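Descriptive analysis of the structure
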Amino acid sequence: MSINMRIGINGTGSLATLDQVLAEAKRTEADGFDSFWIAQIFGMDALTALAVVGREVPRIELGTAVVPTYPRHPMMMAGQALTVQLASQNRLALGIGLSHQIVIESLWGYSYEKPIRHMREYLSALLPLLNGESVDVHGEDITCVGGVDVQGAEAPPVIVAALGAQMLKLAGSNGCGTITWCTGERALLSHVVPKITQAAEAAAQPAPRVIAGLPVCVTSDPDAAYAIVAEQLALYGGLPSYRAMLDIEGAEGPADVAIIGDEEHVAAALGRLADGGVTEFSAVIAAPSAEDHSRTWELLKSLI
């Protein structure tokens, strides 16, 4: 059985060392998955890690899900992303996002007053830089003058993390698509897919990628898996952007949108996402046991 949707593995959270990242990426490629993703949170640098992976894992797409924009000037982001392109033979999918107000203001000291304006100005500098063009951007949030020269590197697709209507419009009209998190089937199919698709069509852009990142587990003990997800992801339920998507879902917390059950249940849920316009699935395997992890991996592998 297969489904009409690309499937990748997101190793974030389970990979503590660079050797573990590399081993997981090698396994992901060897088993035929389409992509390997890691996030930029408060650990190792995602783009640097993917540059290492890109030198040793030769086939699959390598993606960030996602790198926050505020602490990286567009010129620095472009230079680093293009360097990863060199290391990976142009297989990077550059996922970028705003992060959250509590992080941007309380931890890093930036203003989060106008996040949509910030991302619009950021993209106005980043996209031309990635294409080897010089820029002269003097926005209210972003000033960027000059260019980046990384010879032999192609511009990577830029995936903009977007959940709200305005961000989805921006992602559809300027980026190559979006990657979501803690966003379940109802919110994806009734809100994310139609809004970003409409925005891309209005801007005469190609059909956008819609990459759904969710916890997934094939198990005979769903209660144990739900408990793990509820504990590990409790923080996300209180962040405004995710809370809005959970409210569309009618979900109390992130565990309620996780895809958990037997093989038939999980395969059916992924099939509905594919049929509803989600183009790719980024699997965060949340398994209470090694057996459950193996069952989940094998089920996902069988759907490629």
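Cut-offs used in this document
Residues numbered from 1 in each chain as written. Predicted model: local features only at pLDDT ≥ 70, side-chain atom pairs only at ≥ 80, totals over all residues. Heavy atoms only, no water. Salt bridge = Lys/Arg side-chain N within 4 Å of Asp/Glu carboxyl O. Helix = DSSP H or I, 4+ residues; strand = E, 2+ residues; numbered from the N terminus. Core = buried A, V, L, I, M, F, W, Y, C linked by side-chain atoms within 4.5 Å. Buried < 20%, exposed > 50% of the residue type's maximum accessible area, 1.4 Å probe, protein only. Contact = heavy atoms within 4.5 Å. Arc of directions from axis to C-beta. Axes fitted to C-alpha atoms, helices over the stretch in contact; angles between N-to-C directions. Parallel < 35°, antiparallel > 145°, perpendicular 65-115°, else oblique. Nonpolar A, V, L, I, M, F, W, Y, C, P; charged D, E, K, R; others polar.

Moving on, we get to the pattern of salt bridges. The final tally for this structure, using the stated rule, is 13 salt bridges. Where Arg209 meets Glu280, a salt bridge forms, and the shortest distance between an N and an O atom there is 2.6 Å. Highlighted residues: Arg209 in strand 10 (residues 209-218) and Glu280 in strand 12 (residues 280-285), separated in sequence by 71 residues. One network of salt bridges, with partners in common, ties together Arg6, Glu61, Arg209 and Glu280.

Our focus in this paragraph is the nonpolar core. Among the nonpolar cores identified, the biggest contains 84 residues, and Leu94, Leu270, Phe281 and Leu300 are the most heavily contacted of them. Here this core gets eight residues from one element, more than from any other, and that element is helix 5 (residues 115-130). Each residue touching Leu300, except ones within four places of it in the same chain, is listed here: Ile7, Ile9, Phe33, Val216, Leu270, Phe281, Ala283 and Ile285. Within the second largest apolar cluster, 16 residues are counted, among which are Leu163, Ala187, Leu233 and Tyr242.

All of the buried residues in helix 9 (residues 240-249) are Tyr242, Met245, Leu246 and Glu249. Viewed end-on, helix 9 has its buried residues packed into an arc of 100 degrees, placing them on one side of the element. Elements in contact with the buried residues of helix 9: strand 9 (177-181) and helix 7 (185-202). Downstream of helix 9 by a residue or two, Gly250 has a phi angle that is positive, lying close to 75 degrees.

This paragraph deals with the environment of Val148. Note that Val148 resides in the loop between strand 7 (143-146) and strand 8 (158-160). Considering only alpha carbons, one finds Val148 and Pro288, 140 residues apart in sequence, at a separation of 45 Å. Setting aside residues up to four positions removed in sequence, Val148 forms contacts with Met75, Ala78, Gly79, Leu82, Leu129 and Gly132.

Here the focus is the packing of helix 7 against helix 10 (residues 263-275). Close contact between helix 7 and helix 10 brings their axes to 10 Å; oriented N to C, the two are set at 5 degrees. When the axes of helix 7 and helix 10 are compared, the pair comes out roughly parallel. Between helix 7 and helix 10, the residues in contact are Glu185, Leu188 and Leu189 and Ala269, Arg272 and Leu273, respectively. Its residues assigned to classes, the contact of helix 7 with helix 10 shows four nonpolar, no polar and two charged.

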